Amino acid sequence: MSNPAPASTHPEATWWRQAAVYQIYPRSFADSDNDGMGDLPGITARMDYLSALGIDAIWLSPFYPSALADGGYDVDDYRNVDPRLGSLDDFDAMVAAAHESGIKIIVDIVPNHSSNLHPWFQAALAAAPGSPERARYHFLDGLGEEGELPPSDWPSHFGGGAWTRVKEAAGPNAGQLGQWYLHLFAAEQPDFNWDNPEVREDFHTTLRFWADRGVDGFRVDVAHALDKDMSLPLRSKPALEILVDDGSDPLFDRDAVHEIFAGWRSVLNEYDPPKAAVAEAWVPFTDRRLKYARPTELGQAFNFDLLQAHFDGTEFRTIAEKCLSEAEASGASSTWVFSNHDVVRHASRYALPDDSTLETLEAWLLSDGVTPATDLARGLRRARAATLFMLGLPGSAYLYQGEELGLFEVADLPAAALQDPTWFRTQHKIKGRDGCRVPLPWSATELNFGFGGTPWLPQPSWFALQAADVQDGTIGSTLEMYRDALALRRKLQTEESLEWLSGESGPLVHYRRPNGWEVLTNFANKPAPLPSGVDVAKVVLSSGDPADATTTIPAETTLWIAP
Ligand code: NOJ
């Protein structure tokens, strides 16, 4: 068990606690060399845009060499840049440009699995069962007379089973079908064996590699899955949900993951200021989740509660309150997120009928094109209100590229364009996540909306309406609302606390930060009287038309009220 260094007194040691972090999905952000794929120089070239937006940090989704079986979350080489996205020199130039603009860089680390093209996995395939090469992954003999059945019933996150059988290249059974390897995601993403010290050591090397190049933090992919109960016989787990979250699940949120992250913290604390880290851990809302965020571990953990909530005042208020107390108990600050590269964009989620469930969303993404009635104007109105509700809260706000343009999901991508492994592993039943990954529209009039070459996913014609240059300088545009909010947010984000001014339930949610700033949201679909004491002259930002806030607050609107 490692021994984390004492807390740093560096003035920037806690920069992440209330940061606005902007997620860049590099292949879809900006393409500098016209090959249709966004790249690192494209990001550097847009640093002025990011600076004017007012973010504190960029979180960069994977940019490592990869055959893109899962959009880069299948990593061939953890310490290099995909040549299609640039070089290590381009990476350094991007970090330098960001730092010059006062923007920090967080990179994605993918420790649960490598790609099948990673040299270690290639070596494992070439080696015999029982070899040290195989011991870096989870290879097992199959069940059944001939080993023809997978070692367990575990499913993959993207559909189908989590085991793939290999043809042996070495050993007594060379040339024949042999062992099976575990992949909780696509077959091209073999899971590492985290009981192997070599795996642990190699990730420490990777953390130091990027930290030495100047990155400020790490986003840790599938953090809750690294430790697995591989004792034989493997236990049955026909669905991937955690049913009882007490550490007894064979795959997720097991106690031993915390020992791994304590080791990571020791590495991150070799730097001053210490490097930040945030866990992607889809674990239920219990005090187990806060363990990932302890200062002795990663420091922060995503929570996806608001992202999964309906646009409902009582739900939002309850979640915000719980997340804030959870964060306080762990010594972290809370995180907030509505959109990322894995989910339907929030302007579109909120455009669905009120009774929509996750099943409705899935149906929406089915290949037969069933589209529930959507009210896009309402979706955007609610997304803007939700965003201002969230940006006023204490903690870190994670924003996903394009949400500042109010972008909608591209739900009708043609089947031939789809690339998400979910599409292939569900036999073309579920489209998956490509609809939120379509390259950004920078310009309404330029070729490919100013993105660069012919984009790797086709852009719809309606992107012209939401392009950045159309919104730039346009009063009331979503882009200008984000810019205003992110600038004002610096004034709000002093002490990390708030006082609720409204009751525990109901459509009107109202809170005050210690420095007097107030945030008021009307979640109802009709106007509500302004609460007494709210001076309309002090309303400095509205998610709707400020002129509409008089004696009432309009439907589905958030107001920011200065002290
Ligand atoms: C979570 C990432 O956000 C997602 O995009 C990816 O497919 C899985 N982890 C597997 O790495």
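Cut-offs applied
- Residues numbered from 1 in each chain as written.
- Predicted model: local features only at pLDDT ≥ 70, side-chain atom pairs only at ≥ 80, totals over all residues.
- Heavy atoms only, no water.
- Helix = DSSP H or I, 4+ residues; strand = E, 2+ residues; numbered from the N terminus.
- Expected span 1.5 Å × (residues − 1).
- Buried < 20%, exposed > 50% of the residue type's maximum accessible area, 1.4 Å probe, protein only.
- Contact = heavy atoms within 4.5 Å.
- Polar contact = N/O pair within 3.5 Å; in protein donor to acceptor, adjacent residues only side chain to side chain.
- Domains from an automatic or database assignment.
- Salt bridge = Lys/Arg side-chain N within 4 Å of Asp/Glu carboxyl O.

Chemist: Mind showing me how you'd approach helix 8 (residues 313–330) here?
Modeler: Because the α-helix completes a turn every 3.6 residues, residues three or four places apart line up on one side. With 18 residues, helix 8 should cover 26 Å at 1.5 Å per step; its first-to-last C-alpha distance of 26 Å lies within 8% of that length. Of the residues making up helix 8, those classed as buried are Gly313, Phe316, Arg317, Ile319, Ala320, Cys323, Leu324, Glu326, Ala327 and Ser330. In this fold, the buried residues of helix 8 make contact with helix 7 (305–308), strand 10 (335–337), helix 11 (376–391), strand 12 (499–500) and strand 13 (508–512). One side-chain oxygen at the N-terminal end of helix 8 lies 3.1 Å from the backbone nitrogen of threonine 314; it belongs to aspartate 312. Downstream of helix 8 by a residue or two, glycine 331 has a phi angle that is positive, lying close to 85°.

Chemist: I keep staring at the domain arrangement of the protein and nothing clicks. Help me out?
Modeler: The parts lose accessible area when they come together, and the size of an interface is often stated as this lost area. Splitting the protein by domain gives domain 1 (15–113 + 197–481), domain 2 (119–182) and domain 3 (498–561). With centres defined by C-alpha atoms, the gap from domain 1 to domain 2 works out at 31 Å. Residue-level contacts link 24 residues of domain 1 with 18 residues of domain 2. Among the salt bridges present, the one from glutamate 198 reaches arginine 136, with a minimum N-O distance of 2.9 Å. For the side of domain 1 that touches domain 2, the secondary structure elements donating two or more residues are helix 5 (197–212) and helix 12 (421–425).

Chemist: Would you take a moment to explain the pattern of salt bridges for this structure?
Modeler: Opposite charge on two side chains permits pairing when their charged atoms draw close. Within the structure shown, the criterion is met by 35 salt bridges. For aspartate 245, the salt bridge goes to arginine 288, with nearest N and O atoms at 3.7 Å. In this pair, aspartate 245 sits in the loop between strand 7 (217–220) and helix 6 (257–268) while arginine 288 sits in the loop between strand 8 (276–279) and strand 9 (299–301), placing the two residues 43 residues apart along the sequence. The pair aspartate 245 / arginine 288 is uniform in exposure class, with both members buried. Across the pair glutamate 321 and arginine 317 runs a salt bridge whose closest N-O atoms are separated by 3.1 Å. Here arginine 317 and glutamate 321 lie together in helix 8, a separation of four residues that amounts to about one turn. Judged by relative accessible area, which is 33%, glutamate 321 ranks as partly exposed. Looking at arginine 317, the relative accessible area reads 5%, which means it is buried. Each of Asp70, Asp342, Asp420, Arg433 and Arg437 takes part in salt bridges that share partners, so that together they form one network.

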